[in-house]
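Each chain is listed here by its residues.
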Amino acid sequence: MAAPPISVGMSQIHVAKGPAVFQCLGLGSCIGLALFDPRADVAGMAHIVLPEAPEVLDPTQAGKYANSCLPEFLKLLQALGAEPRRILAAYSGGAQVFKFGSGEGSKLDIGGRNAAAVEAVLAQHRLTVVAKDVGGTKGRTVVYTTETGIYRIKTLATGEKDLCNLREGGSACPKAA
Amino acid sequence: MSESRLTVESLVSSISDLPSLPQAALRVIELTDNSASTALTIASVLAQDQALAVKVLRLANSAYYGLSRKVSTLQDAVVVLGMRTVRNLALVASSYPWMVKPVAGYDLGPKQLFCHSFGVATGAQLVARYCRFANPDEAFTAGLMCDIGKIAMSSCLEGSVHRIVEAAQNFCLSFDLAERQLFGFDHAEVGEYLARSWNFPAQAIEAIRYHHAPQTIQKWNPIVDCVHVGDYLTSIMGFGLGADGMQYIFDDSTLERLSMKAEDLDQVVNEFVEQYEAYERNFEELQAA
């Protein structure tokens, strides 16, 4: 029987060895980041809310910020036998309102800043990004099924699409945007 | 197009199951705006509706408010929590049954309108507390009701909302502007109409009417700006997003008017998420009440 989905709430990081289904419900500007080590069969998902942690960070809130989430996420995966050099990543989210009144929303664009921060921190840790789907004005629900490797995105407007398959060599799915 | 002949009034009168508030809640709204009202008058009005009174007492005693002793009477609840907080408890308890229903026209599933409205209320209250220009409980009331117009507008959009959203995206329009172009009015105007029929406080009516366009109001009402920011925070956090998603404009001049900087927003988001989760647990108890 398939494992019940693990709901990854805001600021949470969940990891598992073997079959698991992770889901982030209703992502707006937040990011749903999935990591997978194929050899160790260890995977996880994080629900990142903001780009940068404050100087004084409550350790229980490490998953909330892009720059503090990744080290914590890697630590949890490594505890289950994963090795950072083998880890593949996929992420989505980072939506935003379609327009800012002044037209200069860069600081206010939390979705765009989240996406940029996740990209930077993954690069900093030299992790391979298989696929991403960020931006736009739609909320997303993401479901990552480790057994099949499929990272699936659901939106109200466009229905479902498979962003990538992290198990099959991390191939990007052909229809992914 | 036939829709162009619609008016807010004709639309509202054509809907058979419009949202409504119990008499006791409407009377409490009226009384809390009257300086002559006392804890006893508010309590005695609430006591006339036993079901509502039980829910209000239950919420008042929930962990969220962290009261050191159990509040056993309605009058006690009003004295300890304040009239406006009790009013908000009564409003949440009264609107919950219809806010958790799906709103098909906007592709909002069960509970999503409540999640969104409750988020806006929490966000508006937080912003009011942060900037100190508006009464936080007044901001909560206005935020909670800002999208009630969607319930009546739903019938206009059913089956076509995704095409309207696509057209709005193609023509670079906000969703509320697309509604106005198609029907001659938007969900905020319908909400204003309903709130007037309930004799809502004037500031809350303005906030419902202008929550997507705070820059168009003639005389500054800080509650309008608080609700606009609350709506923005709720949307970017993805709480109760429908088909219209984030196809709205965030008017960043609101921040200036509230003496907030763009940099403050991350901190507000932080607190917002924590407060929303704490509140949510509290109001989940409504289901059991």
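Residues numbered from 1 in each chain as written. Chains lettered and ligands numbered in written order. Predicted model: local features only at pLDDT ≥ 70, side-chain atom pairs only at ≥ 80, totals over all residues. Heavy atoms only, no water.

Undergrad: Give a description of the layout of surface pockets that names residues and reports values.
TA: Taken as a whole, the largest pocket holds about 720 Å³ of empty space. Looking at the largest pocket, it is lined by 30 residues, and the ones nearest its centre are Leu25 and Gly26 of chain A together with Gly238, Phe239 and Gly240 of chain B. For the lining of the largest pocket, the secondary-structure elements that each account for two or more residues are β3 (21-27), β9 (140-145) and β10 (150-155) of chain A together with α7 (112-131) and α16 (264-288) of chain B. In terms of residue class, the lining of the largest pocket is made up of 11 nonpolar, 13 polar and six charged. Considered as a void within the structure, the second largest pocket measures approximately 320 Å³ in volume. If you go around the second largest pocket, you meet 15 residues; those closest to its centre are Ile15, Asp17, Lys101, Pro102 and Ile151 of chain B. With four residues, the top contributor of residues to the lining of the second largest pocket is helix α9 (residues 149-157) of chain B. Class assignment for the residues of the lining of the second largest pocket results in 10 nonpolar, three polar and two charged. (1 Å grid on protein atoms, 1.4 Å probe; cavity = no way out; pocket = protein on both sides within 12 Å on 5 of 7 lines; lining within 4 Å. Points joined across faces, edges and corners; volume = space filled by probe spheres on them. Helix = DSSP H or I, 4+ residues; strand = E, 2+ residues; numbered from the N terminus. Nonpolar A, V, L, I, M, F, W, Y, C, P; charged D, E, K, R; others polar.)

Undergrad: So what about the interface of chain B and chain A? Which residues, and what values?
TA: It is common to report an interface's size as the accessible area lost on association of the parts. In this complex, chain B contributes 34 residues to the contact, which on the side of chain A involves 30 residues. The junction of chain B with chain A conceals about 2,500 Å² of combined surface from both sides, 58% of it contributed by carbon and sulfur atoms. Put simply, chain B and chain A have three salt bridges between them. With a closest N to O distance of 2.6 Å, Asp266 of chain B and Arg113 of chain A form a salt bridge. There are 16 residue pairs in polar contact (both at pLDDT 80 or more) connecting chain B and chain A. Breaking the side of chain B that touches chain A down by element, the ones donating at least two residues are α10 (161-170), α14 (222-236), β1 (249-250) and α16 of chain B. With seven residues, the single largest contributor to the side of chain B that touches chain A is α16 of chain B. Of the residues that constitute the side of chain B that touches chain A, the class distribution is 18 nonpolar, nine polar and seven charged. Summarising the sheet, strand β7 (residues 99-100) of chain A and β1 of chain B pair through two bridges and their orientation is parallel. Within β1 of chain B, the residue paired with Phe100 of chain A across the bridge is Phe250 of chain B. (Contact = heavy atoms within 4.5 Å. Buried area = accessible area lost by both parts, 1.4 Å probe. Salt bridge = Lys/Arg side-chain N within 4 Å of Asp/Glu carboxyl O. Polar contact = N/O pair within 3.5 Å; in protein donor to acceptor, adjacent residues only side chain to side chain. Pairing = 2+ DSSP bridges.)

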